[in-house]
Amino acid sequence: MKRTTLAASAALALAWAAQANAQANELTLCWAAWDPANALVELSKDFEAQSGIKMKFEFVPWPNFADRILNELNSGGQLCDLLIGDSQWIGGAAENGWYVKLNDFFDKEGISMDDFAPATVYAYSTWPKGTPNYYALPAMGDANGWFYRKDWFNRDDIKAAYKEATGQDLREPQSQKELLQIAQFFQGREIDGKTVYGASIFTERGSEGITMGATGALYAWGFKYENTPGSYDMEGAVNSPEAVEALEFYKELYKTATPPGYDNAYMEQSLDAFKSGQVAMAMNWFAFFPGLYADPNVGGDKIDFFVNPPQNVAASTLGGQGISVVANTDNMDGALAYIKWFADPEVQKKWWAAGGYSCHKAVLEDPNFVNTAPFAGDFLEAMNGVQDFWQEPAYAQLLLAMQARLHNYIVADQGTAKEALDGLIADWTEVFQDEGKL
Amino acid sequence: MTNPIEAAARATPAPIARRVRGLSDRTIAWLFVAPTIFLLLAINIFPLIWTVRLSFTNYAANRPNREVEWVGLRNYTRILTDDGIWANMQTTAHFLVWTIFLQVVIGFTLAWLINRKFRGNDLLTTLIVLPMMLSPAVVGNFWTFLYQPQIGLVNYAVELVTGIPASSFSMLGPGGLAKWSIIIVDTWMWTPFVMLICLAGLRSIPDYIYEAAEVDRASKWRQFWTITVPMVLPFLMLAVLFRGIENFKMFDMVVLLTGGGPGNETLLASIDLKREAFEKWRTGYSSAYAIILFVTVFGLASIYVKALNKVKER
């Protein structure tokens, strides 16, 4: 009996030790489930070969990404050792101690933030914003851009019809208003016996969709969150006449130039509408552009890309993420080793080649960079004018308030643009008062 | 033959038997009930008390480092004076009243029709109850396709009947149809449940009552109003209670269909509460919100149960 007990205990101890050892040699990286994540899986095989650490991945679909991962961090879970989290999370993650501050590590390993595009360092890595306190390495540059059916734009009959209708040449839109004009031209048009529509844009209600879409117009009109950065004085900035005009523009774009029933659409629906040949133009994140270019039906020489057109200013909505080490990882050394490996310029070049959007200057400042993909130049241009949503610890409250106000006005036809923006200021003021910032 | 109780008593080890012999029946009863009570306290009562406590604070579950402040009745005042929340309550009431009304009317009618002997009765009953066997997630996705303006069957059918172009309106979009669309889906899914309860009620009415009414030359109409309806009423009220409580908590199906939109048109109180609690992470505020909803449901259900008991006593 004693011998049996001893054997069983030894077996248990061995199993426990083996499991602990396996955990020490494993890393779990969490991210959203999308094309670049698959590219990272391939790229990480090099890291596995070099380090002997096995990589595991936890990819969550975008609509549930924030919910799932923020719950995980909040509950002190140990699912993720590394996290490529959204830029807006950084304030909360830094203040709540979810991410490891990487300054000492960067200094020790000679990783310089000067080697990365300044806009991405500001947006993805720093908290408080703009200070040299780094909680992430810029991992995936991204912005909201546009793509269109180049084959349709190049057809003589369509060009002639556009010229006749508008008196102008059909081309990539050079302004937001031109974009609207082109989208309205295509709306309901018969092309090859099929009714097509103007543009697929973001109108989603639940997570962040309509905010990410409408800010594309708001930023182009010169929208600002505050009159003075850091002061939270929003009156006159958030509801400026330009902001009102931009919001009215986005509503008109939605009402007059999108496919029927397009009232709750985000990334996936935008891609579907374009890939199924329903729309002439579509907005989406640059992250999807490699996949779109490779699409057998609408990619290749049928597609082209353009940066979010300016109106009063050139500006794009920021996407993208930095990679952070989760504070309660049980494999800190492994996680930091991954960051060190990923920061290497040679790895960054492979990352871009694999379909990821590197933020490293070794990639972006390469003279040949703009020739490496048909959207590379647009990406550079977009990243020079990106603007992001609030990155405050209370960002979720701020975001959901904007989602409700915008959807109520744009999709549900309630109130005016001015009322929506005034209401938004009231909502945000309450949040900042609760935060003790006002 | 040995009595099994005696056998069990004999099999009980002597030390335990000695101890048990010293216990009263009441103590033994408490010993048996204690684990359940403990679980009830741990799983239901403690979280409820904790929620009440949190509702008076500004606690945010995602901000462990922030100082928790006692805010008194501020959360309650904010909720009760928030026009948006009252609008959500109205949306919830609209959904609740119409789904229950339609389900009761259609469910009772179906039960009444099916409570006759005809060939294929069993098969028909099985077919009718199929929707309630589906997962709300499946139903939500399934109806999203049916409501799709370009490829959906619903819009196509409307075009066929009325001539209104299918892609000119959106059942889940703006234009005021969304709040009716979610009612249609819930009615489709849960009417069979009400029908089954009504069927049980109809089948519990003894035939001799109708036979006596026939002898008294009561018309079918009179029999329906003086026998069928009163005797099925307790069952019907039970169905209303179940559906009312369920639909007050409605979440999954509506989230999948509309996400609460367009705008806030289908934002039910439960969806709003989830957003406040687990997306905005306003734990203190959402605790107050949850308490208000709990008191509302509890109050309404208590009044209703009293009414139900009165009907049963008649």
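Below is a short write-up of the structure. (Residues numbered from 1 in each chain as written. Chains lettered and ligands numbered in written order. Predicted model: local features only at pLDDT ≥ 70, side-chain atom pairs only at ≥ 80, totals over all residues.)

## Regarding the overall build of chain A
At step 1: A tally of helices and strands in chain A yields 19 helices and 12 strands.
At step 2: Here the C-alpha atoms of chain A give a radius of gyration of 24 Å, agreeing with the 22 Å that 2.2 N^0.38 yields for 438 residues.
At step 3: By its C-alpha atoms, chain A is 90 × 50 × 50 Å across when sized along the principal axes.
At step 4: Evaluated residue by residue, chain A yields a buried proportion of 49% over its 438 residues.
At step 5: Taking all contacts inside chain A whose residues are at least 6 apart in sequence as the whole, residues at least 24 apart take part in 74%. (Helix = DSSP H or I, 4+ residues; strand = E, 2+ residues; numbered from the N terminus. Rg over C-alpha atoms; globule rule 2.2 N^0.38 Å. Buried ≥ 20, exposed ≤ 12 C-beta atoms within 10 Å, placed from the backbone. Contact = placed C-beta atoms within 7 Å.)

## Things to note about the overall build of chain B
At step 1: Regarding its fold elements, chain B presents 14 helices and zero strands.
At step 2: Radius of gyration (C-alpha) of chain B: 26 Å, far over the 20 Å computed for a compact globule of 314 residues.
At step 3: A buried classification covers 29% of the 314 residues belonging to chain B.
At step 4: Nonlocal contacts in chain B, meaning residues at least 24 apart in sequence, comprise 70% of its contacts between residues at least 6 apart.

## Looking at the pairing of strand β5 (residues 144-149) of chain A
Regular strands have side chains that alternate between both faces of the sheet.
All names here are of chain A.
At step 1: Most of β5 is tucked away: six of the six residues are buried.
At step 2: As defined by bridge partners, β5 adjoins strand β8 (residues 279-285) across five bridges and the pair is classed as antiparallel. Pairing of Y148 across the sheet is with M281, part of β8.
At step 3: Pairing of β5 with strand β9 (residues 303-306), which is carried by four bridges, proceeds in the antiparallel orientation. Residue pairing for β9: F147 is matched across the bridge by F305. (Pairing = 2+ DSSP bridges.)

## Description of the pairing of strand β1 (residues 26-32) of chain A
All names here are of chain A.
At step 1: Counting buried residues in β1 gives six out of seven residues, a clear majority hidden from the surface.
At step 2: Pairing analysis gives seven bridges linking β1 to strand β2 (residues 54-60), with the strands arranged parallel. Each residue of the ladder has a partner; that of T28, found in β2, is K56.
At step 3: In this fold, β1 hands off to helix α2 (residues 35-51), which returns the chain to β2; that crossover is right-handed.
At step 4: With two bridges connecting them, β1 and strand β3 (residues 82-86) associate as parallel partners. (Right-handed = clockwise from strand over helix to strand, strands pointing away.)

## Points about the sheet that holds strand β7 (residues 194-200) of chain A
Residues and elements named next belong to chain A.
At step 1: In spatial order, the strands read β6-β7-β8-β5-β9; together these five strands make up an open sheet with mixed pairing. Edge positions in the sheet fall to β6 (189-191) and β9, since each of these pairs with one other strand and no more. Strand after strand, the sheet turns through a mean of 40° between neighbouring axes, direction not considered.
At step 2: Bridge count for β7 against β8 is three bridges, and the pairing is parallel. (Axes fitted to C-alpha atoms, helices over the stretch in contact; angles between N-to-C directions.)

## Observations concerning the interface of chain B and chain A
At step 1: With 26 residues of chain B at the interface, the matching set in chain A holds 25 residues.
At step 2: Here the side of chain B that touches chain A is built from residues that sort into seven nonpolar, 13 polar and six charged. (Nonpolar A, V, L, I, M, F, W, Y, C, P; charged D, E, K, R; others polar.)

## Quick word on the sheet that holds β2 of chain A
Residue and element names in this part refer to chain A.
At step 1: Judged by pairing direction, the sheet is mixed, and its five strands sit side by side in the order β2-β1-β3-β11-β4 without closing on themselves. Single-partner strands in this sheet number two, and they are β2 and β4 (137-140). Sheet twist, expressed as the mean angle between neighbouring strand axes with direction ignored, is 30°.
At step 2: Each of β1, β2 and β3 is contacted by helix α3 (residues 62-74), which is oriented at about 110° to β2, the strand it contacts most.
At step 3: Along the sheet, helix α14 (residues 332-343) contacts β1, β3, β4 and β11 (321-325); its crossing angle with β11, the most-contacted strand, is approximately 145°.

## Considering unusual backbone geometry
At step 1: With an omega dihedral of -10°, the bond running from W127 of chain A to P128 of chain A counts as a cis peptide bond.
At step 2: With an omega of 0°, the peptide bond running from G261 of chain B to P262 of chain B counts as cis.
At step 3: Looking at the secondary structure, you find P262 of chain B in the loop between α12 (252-257) and α13 (269-278).
At step 4: Here the phi dihedral of D192 of chain A falls at roughly 55°; this positive angle occurs in a residue that is not glycine.
At step 5: The topology assignment puts D192 of chain A in the loop between β6 and β7.
At step 6: Positive phi, close to 60°, is recorded for D413 of chain A, a residue that is not glycine.
At step 7: Topologically, D413 of chain A is positioned in the loop between α18 (395-410) and α19 (417-434).

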